[in-house]
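Results of the structural survey
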Amino acid sequence: MPNRTIAERVGVSEGTVRNRLRRLRSLGLIKVTALVNLFEDPSAMAAYVAVRLKTRDLVGVGERFARLPGVVSVAAVAGQYDLIVEVLVNSKVRLIDFVTKDLASVAEVQSAETLVALKSFNKWAVLNGVLTGDEV
């Protein structure tokens, strides 16, 4: 949304909006980024991987998962699984590689169930380079 539109909606000048946004960014309170609709790219593959761990170190293992290529987000959860890993890749082949190589490289994984998303409703995600050809 343009600064001018924000200014009109909240009743301040465009310069005020620009200065406040700059300050919020410099304090690390907001981050401005582009989002993509996951299902507008026909080659994109989204999946959720429900993971059971051999350890109770959810934070440490979750942080390791977050660094794997194609991982959009990782959440520690309560219930029968320990982590839910959201994955976005540029092909079915890359998803297979993620499950058989990347996921398998994490020794603390006891078991995992991969759920392939068929359709997403109102889902926007930060790319983080996951749909580039570099990962094939």
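Calculation rules
Residues numbered from 1 in each chain as written. Predicted model: local features only at pLDDT ≥ 70, side-chain atom pairs only at ≥ 80, totals over all residues. Heavy atoms only, no water. Helix = DSSP H or I, 4+ residues; strand = E, 2+ residues; numbered from the N terminus. Buried < 20%, exposed > 50% of the residue type's maximum accessible area, 1.4 Å probe, protein only. Areas by Shrake-Rupley, 256 points an atom, 1.4 Å probe, with all protein chains shown as cover. Salt bridge = Lys/Arg side-chain N within 4 Å of Asp/Glu carboxyl O. Contact = heavy atoms within 4.5 Å. pLDDT = per-residue confidence, 0-100. Pairing = 2+ DSSP bridges. Axes fitted to C-alpha atoms, helices over the stretch in contact; angles between N-to-C directions.

Now for the overall build of the chain. Counting its regular elements, the chain contains 4 helices and 6 strands. Mapped from its N terminus to its C terminus, the chain presents α and β elements in the order α-α-β-β-α-β-β-α-β-β. Relative to its full complement of 136 residues, the chain shows a buried share of 30%. Accessible surface for the chain amounts to roughly 8700 Å². Of this, 55% is attributable to carbon and sulfur atoms.

Further remarks concern the pattern of salt bridges. Under the counting rule described, the total for this entry stands at 6 salt bridges. Aspartate 102 is paired through a salt bridge with arginine 94; the nearest N and O atoms lie 2.7 Å apart. With relative accessibility at 15%, the residue aspartate 102 sits in the buried group. Between aspartate 97 and lysine 101 there is a salt bridge, with the nearest N and O atoms lying 3.6 Å from each other. With aspartate 97 and lysine 101 both in helix α4 (residues 92–102), this residue pair falls 4 residues apart, about one helical turn. By relative accessible area, which is 21% here, aspartate 97 ends up partly exposed. You can call lysine 101 exposed: its relative accessible area is 53%. Here the salt bridges do not stand alone but share partners, grouping Arg4, Glu14 and Arg18 into one network.

Turning our attention to the environment of leucine 95. Inspection of the secondary structure assignment puts leucine 95 in helix α4. Residues leucine 95 and alanine 44, 51 residues apart in the sequence, show an inter-C-alpha distance of 9.7 Å. Apart from residues no more than four positions distant in its own chain, leucine 95 is found in contact with Met45, Ala47, Val87, Val89 and Val116.

Our next topic: the confidence of the model for the chain. Looking at the chain, pLDDT values average 87 and 86% of them are 70 or higher. Confidence drops under a pLDDT of 50 for residues 131–136, and excluding neighbours within four residues, the segment shows 13 contacts in the predicted structure.

Quick look at the sheet that holds strand β5 (residues 109–116) now. Taken in spatial order, the 4 strands make up an open sheet running β3-β4-β2-β5, and their pairing is antiparallel. Both edges of this open sheet fall to β3 (71–76) and β5, since each of them pairs with a single strand only. The average angle at which neighbouring strand axes cross in this sheet is 20°, direction not considered. Pairing of strand β2 (residues 45–53) with β5 involves 7 bridges; the strand directions are antiparallel. What sits directly across from valine 49, in β5, is threonine 114. Across the sheet, helix α3 (residues 58–66) is in contact with β2, β3, β4 (83–89) and β5; its angle to β3 comes to roughly 170°. In the packing of α4 onto the sheet, the strands contacted are β2, β3, β4 and β5, and the crossing angle to β4 comes to about 150°.

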